[in-house]
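Residues per chain, in single letters:
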Amino acid sequence: MSNLSPADRIIVPLDVPTEKDALALVDRLPDVGFWKVGLELFVSTGGTVLRQLKERNKRIFLDLKFHDIPNTMAGACRAAARYGVDLLTIHAAAGKVALEASQKAALEGATAAGCPPPNLIAITLLTSIPPRALAFELKIPLELNDYALQMAILAQESGLAGAVCSPQEASQLRSVCGEDFLLVTPGVRPTWAEAGDQKRSLTPLEAIQAGANYLVIGRPITAADDPAAAFARICEEMGK
Ligand code: C5P
């Protein structure tokens, strides 16, 4: 893992509504090898965009955040694995039985399709949930960081490969979950980029130093005047 180059560690989200927009972005950034497909693009294009990415030899983070009963999650993970995606997100809060069933089904789906199995990555807690909502809406009597940590531990005990976390949580999760647990962090901003709606971001280099394996970096690259130059600049800064 530690021998990955900076470019291999950056995942750029395809936060666009159509296949045409997605492929235009992919073709504009030929040096980006890892792309994230989320709910909007997947619901509007289905598997087509995934096949197009595979044809271009790109790695895929399929960020659909499954959360359902074990049988349904297993079926969805089995089907997703057949696309040959590299990372796939599911909610840790679905519980151990669902996580274990998902893991097993993903392996079956990949084997049946003759492709490597995806790394299943747990969503611990959506960062859009503030501490107040955790306590008063969800009635969860834990500090936010502690709840996220407990969900990561549950995911690890259920055999998942890693978790999505904010850059601020990366060092704690790294020390508790060990070196082999994959940490994927959005909320990353170079010093020269607009923060936008990411409130407590770290720079790409800081996030890697905190223990992240992969960084999801969107608008600092995709909304730049020259996206390819922005990507190259981030890679260079991470290599320092
Ligand atoms: O443009 P930006 O770098 O903020 O994009 C970050 C990507 O990571 C988006 O696709 C966003 O949905 C996703 N994400 C996030 N914060 C989370 C989870 C996912 O920004 N907590």
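Residues numbered from 1 in each chain as written. Predicted model: local features only at pLDDT ≥ 70, side-chain atom pairs only at ≥ 80, totals over all residues. Heavy atoms only, no water.

(A) Fine view of the overall build of the chain. Summing up its helical and strand segments, the chain has 12 helices and 8 strands in all. In summary, the chain has a C-alpha radius of gyration of 17 Å against a globular reference of 18 Å for 240 residues, a match within 12%. Overall, the C-alpha framework of the chain stretches about 45 × 40 × 35 Å when taken along its three principal axes. Evaluated residue by residue, the chain yields a buried proportion of 48% over its 240 residues. Summarising the internal contacts of the chain: among those between residues at least 6 apart in sequence, 65% fall at separations of at least 24. Element-wise, carbon and sulfur atoms account for 52% of the exposed surface of the chain, whose accessible area totals about 11500 Å². Of the side chains in the chain, 23 bear a positive and 27 a negative charge, and the two mean positions are spaced by 2 Å. (Helix = DSSP H or I, 4+ residues; strand = E, 2+ residues; numbered from the N terminus. Rg over C-alpha atoms; globule rule 2.2 N^0.38 Å. Buried < 20%, exposed > 50% of the residue type's maximum accessible area, 1.4 Å probe, protein only. Contact = heavy atoms within 4.5 Å. Areas by Shrake-Rupley, 256 points an atom, 1.4 Å probe, with all protein chains shown as cover. Lys, Arg positive; Asp, Glu negative; His and termini not counted. Charge placed at Lys NZ, Arg CZ, Asp CG, Glu CD.)

(B) Quick look at the packing of aromatic side chains. For the coordinates displayed, the defined rule picks out 2 aromatic pairs. For the ring pair Phe 34 and Tyr 214, a centre distance of 5.4 Å and an interplane angle of 75° mean the geometry is edge-to-face. Of the two residues, Phe 34 sits in strand E2 (residues 34–38) while Tyr 214 sits in strand E8 (residues 214–216), which places them 180 residues apart along the sequence. Side by side, Phe 34 and Tyr 214 carry an identical accessibility label, which is buried. (Phe/Tyr/Trp six-rings, centres within 6.5 Å; stacked < 30°, edge-to-face > 60°.)

(C) Here's a closer look at the environment of Asp 226. Along the chain, the position of Asp 226 falls in the loop between helix H11 (219–222) and helix H12 (227–238). Overall, the relative accessible area of 44% leaves Asp 226 in the partly exposed class. Remark: the alpha-carbon pair of Asp 226 and Arg 28, spanning 198 residues in sequence, is separated by 9.6 Å.

(D) Focus on the site of the ligand. The environment of the ligand is made up of Pro 13, Asp 15, Lys 36, Thr 127, Pro 186, Arg 189, Gln 198, Val 216, Ile 217, Gly 218, Arg 219 and Pro 220. Note that an oxygen atom of the ligand is positioned 2.8 Å from one of the side-chain N or O atoms of Asp 15. A distance of 3.1 Å is found between an oxygen atom of the ligand and a side-chain nitrogen or oxygen belonging to Lys 36. Computed on the free molecule, the ligand has an accessible area of 460 Å², of which 78% lies beneath the protein chains in the complex. Assessed atom by atom at 2 Å from the grid points, the ligand resides in the largest pocket. Taken together, the residues of the shell around the ligand break down into 5 nonpolar, 3 polar and 4 charged. (Near = heavy atom within 4 Å. Polar contact = N/O pair within 3.5 Å; in protein donor to acceptor, adjacent residues only side chain to side chain. 1 Å grid on protein atoms, 1.4 Å probe; cavity = no way out; pocket = protein on both sides within 12 Å on 5 of 7 lines; lining within 4 Å. Sits in = over half its atoms within 2 Å of the grid points. Nonpolar A, V, L, I, M, F, W, Y, C, P; charged D, E, K, R; others polar.)

(E) Structural context of the environment of Leu 154. Inspection of the secondary structure puts Leu 154 in helix H8 (residues 144–157). Looking at Leu 154, the relative accessible area reads 19%, which means it is buried. Sequence separation between Leu 154 and Thr 124 is 30 residues, and the spatial gap between their C-alpha atoms is 9.3 Å. Dropping the residues within four chain positions of it, Leu 154 is found in contact with Ala 92, Gly 95, Lys 96 and Leu 99.

(F) Seen up close, unusual backbone geometry. Positive phi is not limited to glycine here, since Asn 57 has a value of about 60°. Examined against the element boundaries, Asn 57 turns out to sit in the loop between helix H4 (48–55) and strand E3 (59–66). One non-glycine residue, Lys 65, lies in the positive phi region at around 50°. Within the fold, Lys 65 resides in strand E3. We classify Lys 65 as partly exposed; its relative accessible area is 28%.

(G) Summary view of the pairing of strand E1 (residues 10–13). Of the two faces of E1, both are covered, the one formed by Ile 10 and Val 12 as well as the one formed by Ile 11 and Pro 13. In the sheet, E1 pairs with E8 via 2 bridges, with the strands oriented parallel. Paired with Ile 11 across the two strands is Val 216, which belongs to E8. Chirality of the crossover, the property in question, places the unit of E1, helix H2 (residues 19–28) and E2 among those that are right-handed. (Pairing = 2+ DSSP bridges. Right-handed = clockwise from strand over helix to strand, strands pointing away.)

(H) The arrangement of the packing of H2 against H4 in detail. Direction vectors running N to C along H2 and H4 enclose 20°, while the axes themselves pass 10 Å from each other. Taken together, the axes of H2 and H4 are roughly parallel relative to one another. Crossing geometry of H2 relative to H4 is assigned as right-handed. Mapping the contact onto sequence places Glu 19, Ala 22, Leu 23 and Val 26 in H2 and Thr 48, Val 49, Gln 52 and Leu 53 in H4. A per-class count over the contact of H2 with H4 returns 5 nonpolar, 2 polar and 1 charged. (Axes fitted to C-alpha atoms, helices over the stretch in contact; angles between N-to-C directions. Parallel < 35°, antiparallel > 145°, perpendicular 65-115°, else oblique. Left-handed = near helix turned anticlockwise from the far one by under 90°.)

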